[in-house]
Amino acid sequence: SPTLAGGVVLAGTGDGFLNAIELKRGEVRWRFRTGGRIRSAPAVHDGVVYVAAGDGVVYGLTLAAGVEVWRFDTRGAGLRAVDFGYDRTQIYSSPAVADGVLYVGSRDASLYAVDLATGEARWTFEDGTAWVIASPAVHGGTVYSARSSSGRVRALDAQSGEERWAVETGGLVFSSPVLVDGTVYVGSGDGRIYAFDAATGDERWLYHTDGAVVSTPAVWEGRLYVGSDDGYLYALQRTLGPQPRLAVYWDDSLTSRAVWGRSEDHRRPADYFRDLGYQQLDSAGLRAFLAERVDDAVPSVVVIAMDALPETVAAPGGESLLGRYLERGGKVVWLGFPPRIFTRDPETGEITGVDRERPTELLGVDHAAWNSHEYGVTPTAEGRAWGLASWGMGMPCVAAGEPVTPLAVDELGRAAAWVKHYGGAPGTGFVFVRLGTERPYLDELRRVAEYGVFRAREAAAR
């Protein structure tokens with residue numbers, strides 16, 4: 001990235017040159033050749049430009065003329081890739097200067113604190129062979145730094161290099177930590193964007209994208225902007241109150257009583273949401289989760305990934321735990337046949353028939369129109385705003401005119417995907433969706449699940 005100082009744009013290039021370009025005229029004022037490619041952004045302090053290069057050296061050049069007046073060789077400058085099978089020489093980290101000390105990371109697995117007056121290292125912090133690709137952030141006597149293969153984010157004492165706290169993400173960290181108002185923001189190769197308390201390292205919140213987050217977050221006027229390898233640019237805004245709770249339900253002990261849930265293919269949605277970091281719930285966990293949300297009313301969503309529920313949760317009538325959860329502003333995304341629609345032999349558990357009154361009593365939505373035939377289904381405008389995008393095959397569920405919002409309709413205009421609101425915030429309630437296990441459709445289901453809970457309407461409608 002270029003650096004602007006005194007009307008001059010400073011930019012390194014892959015041919016090893018640092019270029020000083022006049023901002024107004026675009027003319028090159030001077031060029032300085034290092035011993036390797038320049039992948040880091042230069043830092044300017046007291047008329048000196050500090051730039052790191054692929055030869056493992058940090059150079060100090062006069063801003064006025066580009067004359068070398070300072071130099072620091074990292075340990076990587078003397079290492080050869082052939083001896084390790086991978087590069088341990090180059091510096092991609094951008095230097096940070098504070099209180100007469102330059103801080104920079106290297107592929108030699110070290111974070112350096114270098115005295116500007118002497119050009120010697122005050123301290124070095126190593127961590128196995130994990131590259132320090134990320135650029136350090138320095139504030140209030142603390143250096144915040146991140147590592148590649150270890151996935152760690154650390155806070156170090158700026159004077160001594162002593163570790164104050166360390167947290168481990170779930171993937172490679174090439175993103176540079178950004179400190180704003182006491183919070184450290186950083187992306188990880190596990191697809192998550194993390195927010196840590198700068199003083200303690202405690203996790204304040206995280207958000208899971210669908211691809212590795214290599215880019216460095218930018219924070220402006222209360223919003224965080226960051227790109228992901230899933231192809232999207234995200235804008236995240238902190239809200240008051242606790243972070244929403246996201247969960248997915250699947251209970252192996254109830255697969256014999258499920259229709260959607262018997263096949264191994266049916267597990268894909270449950271595994272998908274689990275891998276996104278959704279809390280896994282069995283029957284006992286589901287009861288506990290719903291009861292906790294009834295008590296605390298924290299924004300939440302539960303993806304019910306199989307159509308077999310414990311009776312203690314789905315008993316009919318307004319006294320059911322599921323009903324109380326929905327009335328408290330909860331959200332359920334239902335995958336499978338309508339809840340409790342099949343009657344079973346009490347001894348064998350085999351399906352004996354269909355009782356459309358049972359889901360009607362449980363949800364307050366008339367299921368007289370339901371049958372198991374499949375029709376072509378397309379999203380409505382409201383469904384697209386929620387995140388649905390593709391057409392498919394689905395079962396008619398409720399007739400037009402029922403107190404639901406259709407998210408997708410079949411060829412005869414009946415709601416094949418819909419939401420019933422129970423007085424909670426927009427985006428909450430009981431959401432019935434068509435079945436599917438392919439990844440593109442699971443991505444749509446994620447947007448539906450997080451709509452109104454973790455995603456604003458503008459984002460869902462993209």
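Residues numbered from 1 in each chain as written. Predicted model: local features only at pLDDT ≥ 70, side-chain atom pairs only at ≥ 80, totals over all residues. Heavy atoms only, no water.

Participant: For this particular structure, what's the right way to read the overall build of the protein chain?
Facilitator: Counting its secondary structure elements, the protein chain contains eight helices and 34 strands. Dimensions of the protein chain along its principal axes, counting C-alpha atoms only, are 85 × 45 × 45 Å. Residues counted as buried form 55% of the 462 residues belonging to the protein chain. In the protein chain, 50% of the contacts between residues at least 6 apart in sequence involve partners at least 24 apart. As displayed, the protein chain has an accessible area near 19,900 Å², and 49% of this comes from carbon and sulfur atoms. Side-chain charges in the protein chain split into 46 positive and 59 negative, and the spacing between the mean points of these groups amounts to 3 Å. (Helix = DSSP H or I, 4+ residues; strand = E, 2+ residues; numbered from the N terminus. Buried < 20%, exposed > 50% of the residue type's maximum accessible area, 1.4 Å probe, protein only. Contact = heavy atoms within 4.5 Å. Areas by Shrake-Rupley, 256 points an atom, 1.4 Å probe, with all protein chains shown as cover. Lys, Arg positive; Asp, Glu negative; His and termini not counted. Charge placed at Lys NZ, Arg CZ, Asp CG, Glu CD.)

Participant: Which parts of the structure should I look at to understand the sheet that holds strand 18 (residues 183–187)?
Facilitator: In spatial order, the strands read 17-18-19-20; together these four strands make up an open sheet with antiparallel pairing. Of all strands in the sheet, those with a lone pairing partner are strand 17 (178–180) and strand 20 (203–208), marking the two edges. Averaged over all pairs of adjacent strands, the angle between strand axes in this sheet comes to 20 degrees, irrespective of strand direction. Relative to strand 20, strand 19 (residues 192–197) runs antiparallel, the two being bridged by five bridges. By the bridge assignment, Tyr-194 is partnered in strand 20 with Leu-206. (Pairing = 2+ DSSP bridges. Axes fitted to C-alpha atoms, helices over the stretch in contact; angles between N-to-C directions.)

Participant: Looking at this structure, how should I read the nonpolar core?
Facilitator: Among soluble globular proteins, nonpolar side chains are generally buried collectively. In terms of nonpolar packing, the biggest core is built from 69 residues, with Phe-273, Tyr-278, Leu-286, Leu-290, Val-302, Trp-418 and Phe-430 touching the most fellow members. Excluding anything up to four places from it in sequence, Phe-273 contacts Val-248, Tyr-278, Val-303, Leu-445, Arg-446 and Ala-449. (Core = buried A, V, L, I, M, F, W, Y, C linked by side-chain atoms within 4.5 Å.)

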